[in-house]
Amino acid sequence: MIEARIGRTGRLYSHSIAYVAPQGFTAPYFQAFVELAEGPRIFTLIGRNVPVEPGQLVDGEEMRLIVEPLADTPEKRNLLTHKYVPARGTAHA
Amino acid sequence: MRDVFIVGVGAHATGRFMEKPLKALAHAAIAAALEDAGAAPRDVQTAWVGNSLGGLLTGQEGIRGEVALQHSGIVGVPVTNVENACASATTALRGAWLEVASGAADVALAVGMEKMFVGDTARTIAALAADSELELSEMGMQFTSGYAIHPKINIKARMREYGWTPADLAKPAVKNSFNGSLNPLAQHRKRLTIDDVVHSRMVVDPLTLYMCSSISDGAAAALVCSADRAARFSKKPVRIAACVLRSGIYRLPGDTRVDSAQATAQEAYEKAGIGPDDLDVVELHDAMAPAELMLYERLGLCRPGEGPRLIDEGITTLTGRVPVNPSGGLCSRGHPVGATGLLQIAELVWQLRGEAGPRQIARRPKTALAQNQGGLTLGQDSAVYTATILQV
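Keep in mind that this is a model prediction, so the values were computed, not measured. (Residues numbered from 1 in each chain as written. Chains lettered and ligands numbered in written order. Predicted model: local features only at pLDDT ≥ 70, side-chain atom pairs only at ≥ 80, totals over all residues.)

**Q** Go over the overall build of chain B with me, naming the residues and quoting the values.
**A** Within chain B one finds 16 helices and 11 strands. Scaling as 2.2 N^0.38, a compact globule of 392 residues should have a C-alpha radius of gyration of about 21 Å, and chain B matches this with 19 Å. With the C-alpha coordinates of chain B rotated into their principal frame, the extents come out at 55 × 45 × 40 Å. Per-residue burial for chain B yields a buried fraction of 59% across its 392 residues. (Helix = DSSP H or I, 4+ residues; strand = E, 2+ residues; numbered from the N terminus. Rg over C-alpha atoms; globule rule 2.2 N^0.38 Å. Buried ≥ 20, exposed ≤ 12 C-beta atoms within 10 Å, placed from the backbone.)

As structure tokens, this is what we get:
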């Protein structure tokens, strides 16, 4: 294992919408893998400002790192985590 | 290494058995396996017990194997507990095989057991999620995504690459529901149509409810022994020609190493001295039905993208050249995770002995493969892969 610093961008490798969620999360919600410029692919949720609808994300597009609560539920709203949003535009700040 | 034979198998039906604790499920399977072999509990010299979720779901965090075996009258012997997610049972079988093959024991028992119905579905789902590396489950990955978009299989990408349609994804579920309808041990015995499967509730796009294996209770067991003991126990011993276990690998994008299910199967083929064309029947790990299409290519049954054609042409149906999942597979027979691998083995033993009843493959199979896998790591691979080849 080697430690590496990661930047704020990545590329959307794959994504889908889950219509069933484990406890503490609310369906429907996006599921995604983002390929970091530094190499690894990581599982990630998508920022809550992106409407959960087909067509909102395009595999291969540039993504930008944000930090926000893991989910808007009582169990998870106080846990801050990394998520990604499309890099295009500024709507998802 | 010595030859090792399976001389008895037994299983508890899969399904929802609220009145039965884990050890009762296991006992039914163990008693049936011993009876099948004409063996008594005192004949068992060593035992390997596979279970995945019992700690979280029943609260029996430790000594689950000893508890179950004591209930079945098997005491005073080495008992090894095995946890390897959905591949716990075939991992237990490998332990039993290894002890007999090495000469450490002559008669060994392998057990797989799981109790998933505990009256709280959310708790069961959380326990299942705990079979993935924490950074996946805690970050909110719904485990169906492990098939829908995860790099190791990525069904969504395969649809783009191969032109597979939702109807193609449904085909294994339809085929296996027919097989399951003939299996008295199966959890789901309703025959499904393409329409039923495609139009059932979406879980994680493109996977629908009937493409997913479901929560299940169940257990299975196999008694294995050396050649000289085999003749005493059984008129129809089944030889374990290969029993391969390996962990997944950590892959970065661009990794060109062969797929791990494929590598595991290849190792098993080499050890058994056969190739995929020699297989007469296969039980494989269709935790999500479309995975069966991918596993066809990874096991060497077809070229990339040809999975749906194997079903269209009837090659993998019960009457085909190489029937796949005659038991109904994980989606129809059921997927009590820590029992699944030995449920596959039990089915193959029945098929090889010509004892599978209405779902018996007419041209009696001689060579069989069980492919089982489990868990998900951050390494873009499943955590565990097994491949077991049986021959008569």
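Now that the structure has been shown, the text picks up again.
**Q** Tell me about the overall build of chain A, residues and numbers included.
**A** When its secondary structure is counted, chain A shows zero helices and five strands. Scanning chain A from its N terminus toward the C terminus, one meets helices and strands in the order β-β-β-β-β. In terms of overall dimensions, chain A has a C-alpha envelope of 35 × 30 × 25 Å along the principal axes. When each of the 93 residues of chain A is scored for burial, the buried share is 30%.

**Q** Give me the environment of Tyr269(B): which residues, what numbers.
**A** Residues and elements named next belong to chain B. When you line up the elements, Tyr269 lands in helix α12 (residues 260–272). Exposure remark for Tyr269: the 23 C-beta atoms within 10 Å place this residue in the buried category. When residues no more than four places from it in sequence are discounted, the contact partners of Tyr269 are Ile274, Gly275 and Pro276. (Contact = placed C-beta atoms within 7 Å.)

**Q** Tell me what's going on with the environment of Glu62(A), and back it up with residues and numbers.
**A** Residues and elements named next belong to chain A. Residue position: Glu62 is located in strand β4 (residues 62–69). Considered as a pair, Glu62 and Lys83 are 21 residues apart in the sequence and their alpha carbons are 13 Å apart. Setting aside residues no more than four positions away along its own chain, Glu62 makes contact with Thr9, Arg11 and Ala87.

**Q** Could you give me a rundown of the interface of chain B and chain A, with the residues and numbers involved?
**A** Counting residues at the interface gives 24 residues for chain B, matched by 23 residues for chain A. Those elements giving two or more residues to the side of chain B that touches chain A turn out to be α5 (121–129), α7 (145–148), α8 (155–162) and β5 (202–204) of chain B. Of the residues belonging to the side of chain B that touches chain A, the class tally is 16 nonpolar, six polar and two charged. (Nonpolar A, V, L, I, M, F, W, Y, C, P; charged D, E, K, R; others polar.)

**Q** Tell me what's going on with the domain arrangement of chain B, and back it up with residues and numbers.
**A** All names here are of chain B. Under the domain assignment used here, chain B contains domain 1 (4–119 + 217–240) and domain 2 (132–213 + 242–391). Placing a centre on the C-alpha atoms of domain 1 and another on those of domain 2 gives a separation of 23 Å. Tallying the contact residues gives 37 residues for domain 1 and 32 residues for domain 2. For the side of domain 1 that touches domain 2, the secondary structure elements donating two or more residues are β1 (4–15), α4 (88–102), β4 (107–114), β7 (217–226) and β8 (238–247). Among the residues forming the side of domain 1 that touches domain 2, the class breakdown is 20 nonpolar, 12 polar and five charged. (Domains from an automatic or database assignment.)

**Q** Could you give an account of the packing of helix α1 (residues 22–37) of chain B against helix α3 (residues 64–71) of chain B, naming the residues involved and the relevant values?
**A** Residues and elements named next belong to chain B. Relative to each other, α1 and α3 sit at 55°, their axes nearing to 9 Å. Between α1 and α3, the crossing angle belongs to the class labelled oblique. When you trace α1 past α3, the crossing you get is right-handed. Of α3, the residues touching α1 (which contributes Leu22, Lys23, Ala26 and His27) are Arg64, Val67, Ala68 and His71. In terms of residue class, the contact of α1 with α3 is made up of four nonpolar, two polar and two charged. (Axes fitted to C-alpha atoms, helices over the stretch in contact; angles between N-to-C directions. Parallel < 35°, antiparallel > 145°, perpendicular 65-115°, else oblique. Left-handed = near helix turned anticlockwise from the far one by under 90°.)

**Q** So what about the pairing of strand β3 (residues 41–44) of chain A? Which residues, and what values?
**A** Residues and elements named next belong to chain A. Note that strand β2 (residues 29–36) and β3 share four bridges and pair antiparallel. Across the sheet, residue Glu35 finds its bridge partner in β3, namely Arg41. Linking two consecutive strands that pair antiparallel, namely β2 and β3, is a turn of four residues; a positive phi of about 130° is found at Gly39 within it. (Pairing = 2+ DSSP bridges.)

**Q** Talk me through the packing of α4(B) against helix α16 (residues 340–353) of chain B; I want residue IDs and the actual numbers.
**A** All names here are of chain B. One way to put it is that α4 packs onto α16 with a least axis distance of 5 Å and a crossing angle of 70°. By the angle between their axes, α4 is roughly perpendicular relative to α16. Counting all contacts with α4, which are made through Ser88, Ala89, Thr90 and Leu93, the residues of α16 involved are Thr340, Gly341, Leu342 and Ile345. Of the residues assigned to the contact of α4 with α16, the class counts are four nonpolar, four polar and no charged.

**Q** Give me the nonpolar core: which residues, what numbers.
**A** All names here are of chain B. Grouped together as the largest cluster of nonpolar side chains are 147 residues, with contacts concentrated most on Ala110, Val111, Ala222 and Val224. Residue contributions to this core peak at nine residues, all from α1. When residues of this core are assigned to domains, at least three map to each of domain 1 (4–119 + 217–240) and domain 2 (132–213 + 242–391). Those residues in contact with Ala222 that sit more than four places away from it in its chain are Ile6, Gly8, Val9, Ala33, Leu93, Ala110, Leu342, Ile345 and Ala346. (Core = buried A, V, L, I, M, F, W, Y, C linked by C-beta atoms within 7 Å.)

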